[in-house]
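Geometric and topological summary
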Amino acid sequence: MLAVRTRRTRLVAALGASVLASGAVLAGASIASAAVAPALSIKSLSISKGNIAGGTAVVITGKGFNALDEGVPASVMFGTQAVAFFNVLSDTQLATRAPVPASSDLRDLVKVQVKITDGDHTTANTTADDFTYLPPIAVAVPADTVFSAAGGTVVRLTLSGDNLDLGTAPTFASKKISATVNGVLGKLKYVDATHVDLAAPPGTPTTSGGAVTVAVFNDGVPGPVDDEHATYAAVVSRLSVTSGKTTGTEGIDGDKPKPALTITGAGLTGAEWKIGEDALSCTAVAGKASTTWTCQDIPAGDAGPVSVLPEFSNGAVAAVTAGATYTYSEL
């Protein structure tokens, strides 16, 4: 019996030693795993595409940034180029601007790795740190272009830039080229290798001497703008009555007045009205001053067509359109 107990004791001891050894290995592995967690990492870039001329503002999110020395610009690299400066905002964010890429970085138009180092540690290369340089697209708008405040005016833009590639009509959309007018997105249609048609969005009438800004973006990267050649104009798109007697027309007065004329358009806020050379007394419909006005009476006028147009004390521009034409008749 003593021999059996001795053997059992040895077996239990051996198993215990094995379990302890296994636990020690697991604990050691856990400690080792914690020890190799990266001290520096990049989780995301606030913007992943920028101008090939450099200067795109980028906020980098990650961790370990408090260990960086702002006096060492080479701590932050875009491809093979160090940034000119960076500012540590917190341990998890820093702000910088993309440098001009080196020629050696431009082989594939033009994706580079953003890399951060504190001298002892360097961020791992992942898809989160990819930054792509793109050539900007410059735009030229025809002189004296007038956009309707109602939107929809189509104008042909001339585009230019290094390595400009608009593709073909079937592939144009895949190029992700877009345009804005005063910051509002318009619609583009492919014309040829250097031209697109822009359908302008609605806008506010331009004051005297002013112009709107037209910009083209290459996959989100802005190019040189045209801010000299286009304006927005208020427009009258429709008159409820398009003809009347030379003696004038009176609206129905009473408990429920019925105006002689209703004017519909865009950009009409603050308008004073004329029919031909004569003043026209009109009132904005409540809540619709930009689009709808009513005129109780139409004054007398000479036979023939005239325009019903707004004038603005701030010098805003108005356009003459077919929709604004009223014709006096002696019949």
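For the structure itself, look to the data block above.
Scope of this entry: the structure provided in the associated data block. (Residues numbered from 1 in each chain as written. Predicted model: local features only at pLDDT ≥ 70, side-chain atom pairs only at ≥ 80, totals over all residues. Heavy atoms only, no water.)

1. Describing the overall build of the chain
Spelled out, the test is: Each helix corresponds to a stretch of at least 4 residues labelled H or I by DSSP, and each strand to a stretch of at least 2 residues labelled E; elements are numbered beginning at the N terminus. Accessible area is worked out with a 1.4 Å probe on protein chains only. A residue is then buried under 20% of its type maximum, exposed over 50%, and partly exposed in between. Throughout, a contact is declared for two residues whenever any of their heavy atoms are within 4.5 Å. Where accessible areas are quoted, they stem from the Shrake-Rupley method and a 1.4 Å probe; at the residue level, only the protein chains shown are allowed to cover.
Broken down by element type, the chain carries 1 helix and 30 strands. The proportion of buried residues among the 331 residues of the chain is 34%. Sequence separation of at least 24 residues holds for 63% of the intrachain contacts in the chain that already meet a minimum separation of 6. Just so you have it, the chain exposes about 18100 Å², and 56% of that area is on carbon and sulfur atoms.

2. Things to note about the sheet that holds strand S7 (residues 93-97)
Our working definition: Paired strands, as defined in this entry, are two strands with at least two bridges between them according to DSSP. Geometry is summarised by axes, namely lines fitted to C-alpha atoms with helices restricted to the contacting stretch, and by angles between N-to-C directions that run from 0 to 180 degrees.
Strand order in this open sheet of 4 strands is S1-S3-S7-S6, and the pairing throughout is antiparallel. Edge positions in the sheet fall to strand S1 (41-45) and strand S6 (86-90), since each of these pairs with one other strand and no more. The sheet shows a mean angle of 30° between the axes of neighbouring strands, taken without regard to direction. As defined by bridge partners, S6 adjoins S7 across 4 bridges and the pair is classed as antiparallel. Its bridge partner being in S7, Phe 86 is matched across the sheet by Thr 96.

3. Topic: the layout of surface pockets
In this approach a probe as big as a water molecule rolls over the atoms, and the regions it shows empty are the leftover space. To keep things clear, this is the line we draw: For each structure, a 1 Å grid was placed over the protein atoms alone; sets of points admitting a 1.4 Å probe that cannot get out are labelled cavities, open sets with protein on both sides within 12 Å along at least five of seven lines are labelled pockets, and lining residues have an atom within 4 Å of a point. Grid points are joined across faces, edges and corners, and a volume is the space filled by probe spheres set on the points. Only Asp, Glu, Lys and Arg are considered charged in this grouping, and only Ala, Val, Leu, Ile, Met, Phe, Trp, Tyr, Cys and Pro are considered nonpolar; every other residue, Gly among them, is considered polar.
Approximately 280 Å³ is the volume found for the largest pocket. Lining the largest pocket are 15 residues; nearest its centre among them are Leu 134, Pro 135, Asp 165, Lys 175 and Asn 218. Broken down by class, the residue content of the lining of the largest pocket amounts to 7 nonpolar, 3 polar and 5 charged.

4. Points about the state of the cysteines
As used in these notes, a disulfide is a covalent bond between sulfur atoms, one from each of two cysteines. Which entries qualify depends on this criterion: Note on terminology: pairs of cysteine sulfur atoms within 2.5 Å are recorded as disulfides.
Under the counting rule described, the total for this entry stands at 1 disulfide. With its sulfur 2.0 Å from that of its partner, Cys 282 forms a disulfide with Cys 295. Negative torsions about the S-S bond denote left-handed disulfides, and the value of about 90° found for Cys 282 with Cys 295 makes this one right-handed. Of this pair, Cys 282 sits in strand S26 (residues 282-284) while Cys 295 sits in strand S27 (residues 292-295), placing them 13 residues apart in sequence. Residue classification places Cys 295 among the buried residues on the basis of a relative accessible area of 0%.

5. Things to note about unusual backbone geometry
In the Ramachandran plot, Lys 176 falls in the positive-phi region, its phi being about 55° despite a non-glycine side chain. Overall, the relative accessible area of 51% leaves Lys 176 in the exposed class.

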